[in-house]
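What follows is each chain in one-letter form.
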Amino acid sequence: MSSPQNRLAEVRERISLAARRSGRQACDITLVAVSKRVTVLSLQETIAAGQGVFGENYLQEAAEKIAALPAVTWHFIGGLQSNKARQVAELFQVVETVDRIKIAQALENQLVALEKSLQVYVQVNIGREGQKSGVLPEHVEALVAGIKACPHLVLAGLMAMPPYHPDPEASRPFFRQMKGLADDLLRRGVVSRPLGLSMGMSADFEIAIEEGATVVRVGTALFGERV
Ligand SMILES: *Cc1c(COP(=O)(O)O)cnc(C)c1O
């Protein structure tokens, strides 16, 4: 099994090559190391190798790691409920899973008290899957408007997880739709700056970058299979 350093170097190299294929550079892409079920010890090795951005799905697990490793940037990428807004607002710098106005407002209310701002991504259910979280593409604009009305929320972009398929190429049309959605919001003046796009995981991050991802969320390729 290769070392955490080697795996990180390998993922970074693949990001760099995919970025160049899309006319960009490695520094245009943010690698979020998805560290669910990864120990603080392994995280320390990955931090020592130069990784500074991590993503967590579960609050309790995240709270312990963030307390132990406060100097890196933490993205919340898990399912979000209003009653968790306080903890999420306190612990994280970025929340990628805002998918309804109620959540945006709950975060805003907490942030006022904390005197803190938070970068957020709107999670889009791009595959229109019944059980999946995320707002449907036709409802993104209304949610964006709601977020813009929250002074402590900074809209960083859109996030999506395409439907699972064993062939990563199957994700490509969904990534392309996400790029189209973001471009359309800019063209119509719904947003004033290009939106970031958080899309692509271990199996398909290169394809996501080719289609315009600015953020990739990679767990297994960095830390091995989760048990
Ligand atoms: C677990 C997870 C990832 C990382 O998945 P890998 O296939 O292990 O790279 C990315 N995004 C979200 C939202 C996740 O829950």
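Residues numbered from 1 in each chain as written. Predicted model: local features only at pLDDT ≥ 70, side-chain atom pairs only at ≥ 80, totals over all residues. Heavy atoms only, no water.

Looking at this structure, I do not really get the nonpolar core. What am I missing?
Buried together is how nonpolar side chains tend to be arranged in soluble globular proteins. With 65 residues, the main nonpolar core has Leu107 and Leu158 as its most contacted residues. With residues up to four places along the chain from it excluded, the contact list for leucine 158 reads Tyr121, Val122, Val124, Val140, Met178, Leu181, Ala182, Leu185, Leu195, Gly196, Leu197 and Ser198. Counting residues in hydrophobic clusters, the runner-up holds 7 residues, among them Val32, Val53, Ala156 and Met159. (Core = buried A, V, L, I, M, F, W, Y, C linked by side-chain atoms within 4.5 Å. Buried < 20%, exposed > 50% of the residue type's maximum accessible area, 1.4 Å probe, protein only. Contact = heavy atoms within 4.5 Å.)

I'm lost on the site of the ligand in this one. Help?
Around the ligand there are 13 residues in total, and Lys36, Asn57, Ser202, Gly219 and Thr220 lie nearest to it. Within the contact set of the ligand, an oxygen atom lies 2.8 Å away from a backbone nitrogen or oxygen of glycine 219. With respect to the ligand, the side chain of threonine 220 contributes an N or O atom lying 2.5 Å from an oxygen atom. According to the grid-proximity analysis, the pocket containing the ligand is the largest pocket. (Near = heavy atom within 4 Å. Polar contact = N/O pair within 3.5 Å; in protein donor to acceptor, adjacent residues only side chain to side chain. 1 Å grid on protein atoms, 1.4 Å probe; cavity = no way out; pocket = protein on both sides within 12 Å on 5 of 7 lines; lining within 4 Å. Sits in = over half its atoms within 2 Å of the grid points.)

Before we go on, may I ask you to explain the layout of surface pockets in this structure?
Put simply, the largest pocket is a space of about 620 Å³. Among the residues making up the lining of the largest pocket, the classes are represented as 13 nonpolar, 12 polar and 5 charged. (Points joined across faces, edges and corners; volume = space filled by probe spheres on them. Nonpolar A, V, L, I, M, F, W, Y, C, P; charged D, E, K, R; others polar.)

Which parts of the structure should I look at to understand helix H3 (residues 59-68)?
Residues lying three or four places apart along an α-helix face the same way, a consequence of the helix completing one turn every 3.6 residues. All of the buried residues in H3 are Leu59, Ala62, Lys65 and Ile66. The buried residues of H3 all sit within an arc of 125 degrees when viewed along its axis, so they share a single face. Residues of H3 that are exposed and point more than 90 degrees away from the buried face comprise Gln60, Glu64 and Ala67. Looking at the buried residues of H3, the elements they touch are helix H2 (40-48), strand S2 (53-56), strand S3 (73-76) and helix H4 (85-91). (Helix = DSSP H or I, 4+ residues; strand = E, 2+ residues; numbered from the N terminus. Arc of directions from axis to C-beta.)

So what exactly am I meant to see when it comes to the environment of isoleucine 47 here?
Within the secondary structure layout, isoleucine 47 lies in helix H2. Owing to a relative accessible area of 26%, isoleucine 47 belongs among the partly exposed residues under this scheme. With 71 residues separating them along the chain, isoleucine 47 and leucine 118 place their C-alpha atoms 23 Å apart.

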